[in-house]
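Structural features, examined
Chain by chain, the residues run as shown.
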2 protein chains.
Amino acid sequence: MTSDIETRHTEKMKRIKAARDRMMAERTEERGLVIVHTGTGKGKSSSGFGMILRCVAHEMPCAVVQFIKGGRMSGERKLLESHFSDLCTFVVSGEGFTWETQDRARDIAAAEAGWEKAKALILDPKIRFVLLDEINIALRNDYLDIDTVVDFLLHEKPEMTHVCLTGRNAKPELLEIADLATEMTLLKHPFRDGVKAQQGVEF
Amino acid sequence: MTSDIETRHTEKMKRIKAARDRMMAERTEERGLVIVHTGTGKGKSSSGFGMILRCVAHEMPCAVVQFIKGGRMSGERKLLESHFSDLCTFVVSGEGFTWETQDRARDIAAAEAGWEKAKALILDPKIRFVLLDEINIALRNDYLDIDTVVDFLLHEKPEMTHVCLTGRNAKPELLEIADLATEMTLLKHPFRDGVKAQQGVEF
């Protein structure tokens, strides 16, 4: 006793499945992606760490370089260093947000040191995924040269290695070479109502 | 020997820090948030799982209910069940994407079963954070009644418990009551170039 609505639903879903199966059959390529998370909304870093969680789950060696955050011990760092240091290398390069340091020369030195480590990790043939967390802030402030970074990603990144770059204000040059780019847009934020940053949500 | 550019940078960052410190001082409230991740871009589920990673790191008991995905063993589920089953309860309610099942009655039953489990987890006083992954798809397809869900979040959710609801096409009623809402917008996607879903990135 199948109702009309159920029959229509089944037919519609069959068409969607057929179209999807055709599309998936055409997607045969595997390659290392340049992934960018930008925008003023939340979720840029946490979805980067969500991908690190997937890599660890699949026992894919991976690495994180934090470019700007780093003044405080994040939950992600604590968990990855205490449980998965064999699979995930964690490097902290920044000394906190730039407005905490108020020292441009020191910020530049920290960003450059982070980039040197990032390059070595990306070039490491064992490592399959590298998260460059908040690197867009270092690029936007010209602590790092965008052309140098783009050139490395285009010409020196191993073909099968994924690199995910996060942070607001991604430079157009980076978006131009990205395979996968997402803008996180703020629709609503509780800070506006006087709610402070909370464990588990923000850090 | 401080150059002009460095002096200006220091002054600017001092002003930013002062404004930020004032803003943070006004944010004293802690409360459980209703968090929504929507939009057609990537990162909705992975940033939800990034928050779960933070909770686990801080030893905050948490839970995941997957509403639509579930036909396949995800990396997140594998990792959380094998390493952190004491801290994170993982429930799979859906039987795959809706176009895989082609059976509306079965999808509704699965969504309703998931919602019953979700309510019990949210009401559990030990649990601090509940991720309702892809529930927006169940709501959009009217497998679950939006008014029932909104009413529960407004009136029955314990005050300090965070609930994160993900999936594209979030209903306006849900966005209306959200404390924190982010739209993930697709800028670029490699599927368009024939690249298939890859381990670590998509699952």
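Up top is the structure.
It should be emphasised that the depicted structure is a prediction, and the values quoted were computed from it without experimental measurement.

1. Observations concerning the overall build of chain A
Along its length, chain A carries eight helices and six strands. If you list the helices and strands of chain A from N to C, you get α-β-α-β-α-β-α-α-β-α-α-β-α-β. With 203 residues in all, chain A has 55% of them scored as buried. Look at the contacts in chain A between residues 6 or more apart in sequence, and 80% of them connect residues 24 or more apart. Just so you have it, chain A exposes about 8,900 Å², and 49% of that area is on carbon and sulfur atoms.

2. Some words on the packing of aromatic side chains
Counted by the stated rule, this structure contains five aromatic pairs over all chains. With a centroid separation of 6.1 Å and an interplanar angle of 80 degrees, the aromatic rings of A:Phe84 and B:Phe84 are classed as edge-to-face. On the criterion of chain membership, the pair formed by A:Phe84 in the loop between helix H3 (75-83) and strand S3 (88-92) and B:Phe84 in the loop between helix H3 (75-83) and strand S3 (88-92) is interchain, its members lying in two chains. Overall, the relative accessible area of 5% leaves A:Phe84 in the buried class. Between B:Phe49 and B:Phe90, the ring centres sit 6.2 Å apart and the planes meet at 15 degrees, which makes this aromatic pair stacked. Note that B:Phe49 is positioned in helix H2 (residues 44-57) and B:Phe90 in strand S3, a separation of 41 residues in sequence.

3. Comments concerning the relation of the copies chain A and chain B
By a simple turn and slide, chain A fits onto chain B: the slide is 0.0 Å along the axis, the RMSD is 0.0 Å, and the turn is 180 degrees. Both chain copies can therefore be described as sitting about a two-fold axis. Using C-alpha coordinates, one finds that chain A approaches the rotation axis most closely at A:Ser47, a distance of 1.8 Å. A share of 100% of the interface residues of chain A reappears at the interface of chain B, consistent with the copies meeting face to face through the same patch.

4. Description of the interface of chain A and chain B
Contacts between the two partners involve 77 residues from chain A and, on the opposite side, 78 residues from chain B. Here chain A and chain B share an interface that buries about 7,400 Å² over both sides, 61% of which is from carbon and sulfur atoms. Put simply, chain A and chain B have two salt bridges between them. Residue B:Arg54 pairs with A:Glu76 through a salt bridge whose shortest N-O separation is 2.4 Å. Summed over the shared surface of chain A and chain B, the number is 16 residue pairs in polar contact (both at pLDDT 80 or more).

5. A word on the nonpolar core
If you look at the biggest cluster of nonpolar residues, it comprises 48 residues, and the most contacted ones within it are A:Phe129 and B:Phe129. Discounting residues that sit within four places of it in the chain, B:Phe129 has contacts with A:Gly200, A:Val201, B:Ile35, B:Met51, B:Ile52, B:Cys55, B:Pro61, B:Cys62, B:Ala63, B:Thr161, B:His162 and B:Cys164.

6. Structural notes on the pairing of strand S6 (residues 180-188) of chain B
One ladder, built from seven bridges, connects strand S6 (residues 180-188) of chain A with S6(B); its direction is antiparallel. Counted as the bridge partner of A:Thr185 is B:Glu183 from S6(B). Sheet analysis places strand S1 (residues 34-38) of chain B next to S6(B), joined by four bridges and oriented parallel. When the bridges of S6(B) are listed, B:Val36 appears paired with B:Ala181.

7. A short note on the packing of helix H5 (residues 104-123) of chain B against helix H7 (residues 146-155) of chain B
Residue and element names in this part refer to chain B. Put simply, H5 and H7 touch, their axes get as near as 12 Å, and they point 5 degrees apart. Judged by the inter-axis angle, H5 sits roughly parallel to H7. Contacts between H5 and H7 involve Trp115, Lys119, Ile122 and Leu123 from the first element and Thr148, Val149 and Phe152 from the second. Of the residues contributing to the contact of H5 with H7, the split by class is five nonpolar, one polar and one charged.

8. Points about H3(B)
If you check which residues of H3(B) are buried, you get B:Gly75, B:Glu76, B:Leu79 and B:Leu80. Seen along its axis, H3(B) keeps its buried residues to an arc of 120 degrees; they face one direction. Contacts made by the buried residues of H3(B) are with helix H2 (44-57) of chain A together with H2, strand S2 (62-66) and S3 of chain B.

9. Section: a negative patch on the surface
Taken together, the side chains of A:Asp145, A:Asp147, A:Asp151, A:Glu156 and A:Glu173 present a region of like negative charge at the surface. As for its position among the elements, A:Asp147 is in helix H7 (residues 146-155).

Conventions adopted
Residues numbered from 1 in each chain as written. Chains lettered and ligands numbered in written order. Predicted model: local features only at pLDDT ≥ 70, side-chain atom pairs only at ≥ 80, totals over all residues. Heavy atoms only, no water. Helix = DSSP H or I, 4+ residues; strand = E, 2+ residues; numbered from the N terminus. Buried < 20%, exposed > 50% of the residue type's maximum accessible area, 1.4 Å probe, protein only. Contact = heavy atoms within 4.5 Å. Areas by Shrake-Rupley, 256 points an atom, 1.4 Å probe, with all protein chains shown as cover. Phe/Tyr/Trp six-rings, centres within 6.5 Å; stacked < 30°, edge-to-face > 60°. Least-squares fit on C-alpha atoms with pLDDT ≥ 70 in both. Buried area = accessible area lost by both parts, 1.4 Å probe. Salt bridge = Lys/Arg side-chain N within 4 Å of Asp/Glu carboxyl O. Polar contact = N/O pair within 3.5 Å; in protein donor to acceptor, adjacent residues only side chain to side chain. Core = buried A, V, L, I, M, F, W, Y, C linked by side-chain atoms within 4.5 Å. Pairing = 2+ DSSP bridges. Axes fitted to C-alpha atoms, helices over the stretch in contact; angles between N-to-C directions. Parallel < 35°, antiparallel > 145°, perpendicular 65-115°, else oblique. Nonpolar A, V, L, I, M, F, W, Y, C, P; charged D, E, K, R; others polar. Arc of directions from axis to C-beta. Patch = residues over 30% accessible without salt bridge, like charges linked within 9 Å, V, L, I, M, F, W, Y side chains within 5 Å. Lys, Arg positive; Asp, Glu negative; His and termini not counted. Charge placed at Lys NZ, Arg CZ, Asp CG, Glu CD.

Purely geometric stuff here, so don't read any function into it on its own.
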